[in-house]
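Chain and residue survey
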2 protein chains.
Amino acid sequence: MAKPKNILFIMFDQLRWDYLSCYGHPHLQTPHIDKLASKGVRFDRAYIQSPLCGPSRMSTYTGRYVHSHGASWNNVPLKVGERTMGDYLRDLGMGCWLVGKTHMMADAEGMARLGLEPDSVIGARVSECGFDVFERDDGMRPEGPDGFYDDRGALKYNEYLHSRGYEGNNPWHDYANSANDGAGNVLSGWFLENSDKPANIIEYDSETPYLTRRGMAFIDAQGDAPWCCHLSYIKPHWPYIVPAPYHAMYGPEHFLPVVRSEEERATDHPVFGGMMKAPVGQAFSQNHVREKALRVYMGLIKQCDDQMGVLFDWLEQTGRMEDTMIVVTSDHGDYLGDHWLGEKTFCHDTSVKVPMIVYDPSAEADPMRGTVSNALVQLIDLAPTFVEVAGGDASRLDHVLEGKSLFPLLRGQGQSRDHAFCEYDFSMTPLSKKLDLDTAESRLFMVTDGRFKLIEFGGGIRPMLFDMREDPDELVDLGQSEDHAEVIVRLSDVLGTWAKRPAQRTTISNKTLVQTRSNRSTKGVILGAVKEADVDADLVAKYTGRMAPPVQET
Amino acid sequence: MAKPKNILFIMFDQLRWDYLSCYGHPHLQTPHIDKLASKGVRFDRAYIQSPLCGPSRMSTYTGRYVHSHGASWNNVPLKVGERTMGDYLRDLGMGCWLVGKTHMMADAEGMARLGLEPDSVIGARVSECGFDVFERDDGMRPEGPDGFYDDRGALKYNEYLHSRGYEGNNPWHDYANSANDGAGNVLSGWFLENSDKPANIIEYDSETPYLTRRGMAFIDAQGDAPWCCHLSYIKPHWPYIVPAPYHAMYGPEHFLPVVRSEEERATDHPVFGGMMKAPVGQAFSQNHVREKALRVYMGLIKQCDDQMGVLFDWLEQTGRMEDTMIVVTSDHGDYLGDHWLGEKTFCHDTSVKVPMIVYDPSAEADPMRGTVSNALVQLIDLAPTFVEVAGGDASRLDHVLEGKSLFPLLRGQGQSRDHAFCEYDFSMTPLSKKLDLDTAESRLFMVTDGRFKLIEFGGGIRPMLFDMREDPDELVDLGQSEDHAEVIVRLSDVLGTWAKRPAQRTTISNKTLVQTRSNRSTKGVILGAVKEADVDADLVAKYTGRMAPPVQET
């Protein structure tokens, strides 16, 4: 089966599945992404593994559930020893490079324990989630009284801005993520009231076009060897601000109606209700806040799509469209006021379902071009897919990689998986304190079979259930419905079996385990044999016919 | 609280909990171990984490469940990155040394991936399960047509035997583990018909006394610095053969009656029944096989106890009895025909409950001397206990260590844990092939609350349940009892919660997680704020009052 030579793995950040015209948004036209969808397969039910940047990405990069790799929240280090797509692809002779964001926090303690120097080749890769780094840019340079959120965030981008004449110690904030009152006063993009003003930056210099050019610079520098480029954008993630002309393209007439109900707001569920009552939920439940943010959110997406146009045109011109698999996806969605929530960190499709488009230039993919797959897929399916692009056999890694290659689906031959899983660990958040949950209890697990979606909680908190066929907006929580008791037990059992999976049995392949079942013991361990004749002669040849004089006590 | 200075961690291999006189054996007198029990706390319900040498030990050494560390069977490597008691104790300034067996298989692939050289200090420790090695002796040098079971097994012991005049390429087999027909013909200890003959070796030179002397040599060489010595015997593990006079001390009049029933034999349970039908079960279900093995098994234990006498006397003389915690335990039991089974690898107490005696020389332990604790404890509780001996705070490691320090129980203040857990992975065995189970399904999980014991299986196989109060011999499988449906659901839920535990969130402590809940965001990330006044002024100082001239497109 022919495979593409290279991989361009494009990830947006906080891009909702339904804010692209190919996914049905009636007013936000994204022709460039749509065009890629028309040439590839658009997955309609792609689930992330955790509704937060860090854990979601660590799952995507490792091909493993959060419950398996343990990097449960932003800036919880990914432990030394967890392999990522970078490790697998390099083993197969494909370079694997980062241009943009990973949200990776290195396991400095684990590295020190094993004597790994951060500036060694191996240490650098372990620090960078297995990628070689063309440019790391987590896209964020927030600064508070205790310093920068991330010492390295947007460093190169700030250098770029300085070189372009932007001033100050943090032009990322003062220009790229702020507006200007015309008199030079910075109107920070952190305050939502400023969202509808244009960012104080030439559009060309803003983050999304900058990163597009960095991606093209990377690809342009590649020779004949195959490569995977993780081109990883920060946008349309907050701060919610965008340069002209994108700041003024959208208004209320373009917004999707808010999805929420008074019944939801009255929920007795401590976690769902607690999230509504948190500041972010409270903010985005206000229409004027939602509407300010939506204008910009849509503008940011429009800018992203325009940049995809720039990128795809360039790939056409350079011939890369013919030998490169292109994936466009996101790390999670954005509530934007739906269900009385903001941000992500809960399990409605708004948050946990993402766009995923896979374009495969191979002739074998021709029959599937422009099709929509409604198979349940997970973001952890990308790592094994990429392994297969690089010429590997992902089934030989299925003791580590918990996703499944998408190739059967890409070739129209695959079956949907039975279930998709997602988790969220809120043990570091104020909500866990408010609910007096310990650090093991402050976690939730989601499973869906495509129709129903069960969310289980720790600490004796009751489950939630949605019937996504009868209630596609997920407004009716059936977690206490007696009519659905059997569904809840069934999906809970699925979660139980999932939780018991041998995710840590990573030092021996399933193929080896199966082979061993049929092996005779040929290395001398003989169990349950009464006499020589009970055992094949060759197996005990070293134990028979031997001479050893009787020993005398001296 | 005063703590002992050193730790002598003695582990026997395959020692049943009920084959010591302090645990009630009426005919096998073990006065030396009993004496230790009279000076320490004898735990009556100590559970291992897997009924097989390798995974059980990897759990004990790491302080983590098999489901957490993944070394699921003998010779499945313990992955790079898993820490063990050696790592924790050294961090606290206590040396941690091995004298004897671990069954550790190094993760050569993982080490190569991280550039760890096996002969570097760090690499050697990673290879040896975190121990520094005084003498590694897994006690086994079986040899078959495809070579030795373990290239390194008993190498030093064979050297020792050579130095003592024993001949041939494998005196471990020909002398220590074989008898002699008087004419120099080796009668291999691998054949059970030879079990009741004396091993062809001077008792002084046999494995148990040899290893005792190696342990004393280690301790003797220690200076003032605190140490932990893992003195880890292979016996009473097979081959079932023992030198004179121990070979002839016990006969049928000393045997415990076999524990089995015809109802058991007629079980419809595919895993339990399948194990009965396997060659080892078939062999040990024959009385004459059982009786040959029992003679020797008891003789081996008697020899072990006599060696404990030698060791403890020497510790008294050298003053080490006053500053050293001593633990005596085992890695699992031995069915010896009970329940129609041989070996271990299933979940009756015969197999999964082990003797555990903890002697603490501290004055604070005085009130508890000679007491019996019937608290549920697990072998993974030893690692955190040792951390506390070394002066650490095990609760600060509870994001990695899944056991709990025994100190509260040792001081008469602790509560029993609610549940103990055990697992067995038989995916490499012929039974999994016979039952056509895949490598995820070929696993079983046991949970007990002290009264009931539930065993769950993969592949849709029904659970088993024992009521250990009403049926202490575990002869009646209640897995299909409608009267016990609620118990089964309750314990199954406990297993489900256990399986979801955050065992891999090892790069951040629970204390840090809890602290973070209360932290304000002081590094500049501002969510849900509409205007400046919505946020504490200090948090947004970097975003306000800034000047940046309006940008002009050039």
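Residues numbered from 1 in each chain as written. Chains lettered and ligands numbered in written order. Predicted model: local features only at pLDDT ≥ 70, side-chain atom pairs only at ≥ 80, totals over all residues. Heavy atoms only, no water.

1. Quick notes on the overall build of chain A
Across its full length, chain A carries 19 helices and 18 strands. Counting only C-alpha atoms, chain A reaches 105 × 60 × 60 Å along its principal axes. Scored against the burial criterion, the 554 residues of chain A give a buried share of 66%. Taking contacts inside chain A between residues at least 6 apart in sequence as the whole, the part at least 24 apart equals 71%. Both charge centroids of chain A, one from 57 positive and one from 79 negative side chains, sit 4 Å from each other. (Helix = DSSP H or I, 4+ residues; strand = E, 2+ residues; numbered from the N terminus. Buried < 20%, exposed > 50% of the residue type's maximum accessible area, 1.4 Å probe, protein only. Contact = heavy atoms within 4.5 Å. Lys, Arg positive; Asp, Glu negative; His and termini not counted. Charge placed at Lys NZ, Arg CZ, Asp CG, Glu CD.)

2. Here we look at the side chain of D467 of chain A
All names here are of chain A. Along the chain, D467 falls in strand β18 (residues 464-467). A distance of 2.7 Å separates the side chain of D467 from the side chain of R451, its partner in a polar contact. For D467, the side chain forms a polar contact with the main-chain nitrogen of E470, separated by 3.2 Å. If near-sequence neighbours (up to four positions away) are discounted, D467 is found in contact with R451, F452, P472 and L478. (Polar contact = N/O pair within 3.5 Å; in protein donor to acceptor, adjacent residues only side chain to side chain.)

3. Quick word on the UniProt feature "domain: Sulfatase N-terminal" (unreviewed entry) in chain A
Following the UniProt record, the feature "domain: Sulfatase N-terminal" (unreviewed entry) maps to residues 5-107 and 160-391 of chain A here. Helix makes up 37% of residues 160-391 of chain A and strand 16%, whereas the separation of the span's terminal C-alpha atoms amounts to 37 Å. (UniProt positions renumbered as here; feature names shortened; annotations may be inferred.)

4. Observations concerning the pairing of β18 of chain A
Residue and element names in this part refer to chain A. Residues M464 and F466 of β18 are buried on one face, and the alternating residues L465 and D467, pointing to the opposite face, are buried as well. Note that strand β17 (residues 452-457) and β18 share four bridges and pair antiparallel. Its bridge partner being in β18, I455 is matched across the sheet by M464. Turn length for the β17-β18 hairpin, with the two strands adjacent in sequence and antiparallel, is six residues, and the turn residue G459 shows positive phi of about 65 degrees. (Pairing = 2+ DSSP bridges.)

5. Here we look at the nonpolar core
Nonpolar side chains in soluble globular proteins generally cluster together in the buried interior. Residues and elements named next belong to chain B. Membership of the largest hydrophobic core comes to 81 residues, with the highest contact counts inside it found for L8, I10, L311, F312 and I326. Ranked by the residues each element gives to this core, the list is headed by helix α13 (residues 287-318), at 14 residues. Other than its neighbours up to four places away in sequence, I10 contacts L231, Y233, M308, L311, F312, I326, V327, V328 and T329. (Core = buried A, V, L, I, M, F, W, Y, C linked by side-chain atoms within 4.5 Å.)

6. What about the relation of the copies chain B and chain A?
Placing chain B over chain A gives an RMSD of 0.0 Å and needs a rotation angle of 180 degrees, together with 0.0 Å of translation along the axis. Such a turn and shift between the copies fits a two-fold axis. (Least-squares fit on C-alpha atoms with pLDDT ≥ 70 in both.)

7. Some thoughts on the packing of aromatic side chains
Aromatic rings in a pair are described by how distant their centres are and how their planes are angled relative to each other. All chains considered together, the criterion is met by 46 aromatic pairs over all chains. Residues F134 of chain A and F218 of chain A carry aromatic rings whose centres are separated by 5.4 Å and whose planes lie at 75 degrees to one another, so their mutual orientation is edge-to-face. With F134 of chain A in strand β4 (residues 132-136) and F218 of chain A in helix α9 (residues 207-220), the pair connects residues that are 84 residues apart, well separated along the chain. F134 of chain A gets classed as partly exposed once you look at its relative accessible area, which sits at 22%. Between F272 of chain B and F346 of chain B, the aromatic rings sit 5.4 Å apart at their centres with planes inclined by 5 degrees, giving stacked as the arrangement. With F272 of chain B in helix α11 (residues 270-277) and F346 of chain B in the loop between β12 (324-330) and α14 (349-352), this pair connects stretches of sequence that are 74 residues apart. Of the two residues, F272 of chain B and F346 of chain B, neither departs from the other in class, the shared state being buried. Taken together, the ring pairs connect Y65, F421, F445 and W498 of chain A into an aromatic cluster. Geometry around Y23 of chain A places R42 of chain A over its ring, the cationic atom sitting 4.5 Å from the centre. (Phe/Tyr/Trp six-rings, centres within 6.5 Å; stacked < 30°, edge-to-face > 60°. Lys NZ or Arg CZ within 6 Å of the ring centre and 35° of its normal.)

8. Here's the deal with the pairing of strand β13 (residues 353-359) of chain A
On a regular strand, each side chain points to the face opposite its neighbour's, so the side chains alternate between the two faces of the sheet. All names here are of chain A. Most of β13 is tucked away, with seven of its seven residues classed as buried. Bridge analysis of strand β12 (residues 324-330) against β13 gives four bridges, and the strand direction is antiparallel. What sits directly across from V328, in β13, is I357.

9. Examining the pattern of salt bridges
Summed over all chains, the structure comprises 76 salt bridges over all chains. The partner of D174 of chain A in a salt bridge is R546 of chain B, with the nearest N and O atoms 2.5 Å apart. With D174 of chain A in helix α8 (residues 171-176) and R546 of chain B in the segment after α19 (510-518), this pair bridges two chains. With relative accessibility at 3%, the residue D174 of chain A sits in the buried group. On the basis of relative accessible area, R546 of chain B is assigned to the buried category, the value being 14%. A salt bridge links D538 of chain B to R520 of chain B, with the nearest nitrogen and oxygen atoms 2.8 Å apart. Here the residue D538 of chain B occupies a position in the segment after α19, and R520 of chain B occupies one in the segment after α19, the gap between them amounting to 18 residues. Salt bridges linked by common partners bring D13, R57, K101 and D331 of chain A together as one network. (Salt bridge = Lys/Arg side-chain N within 4 Å of Asp/Glu carboxyl O.)

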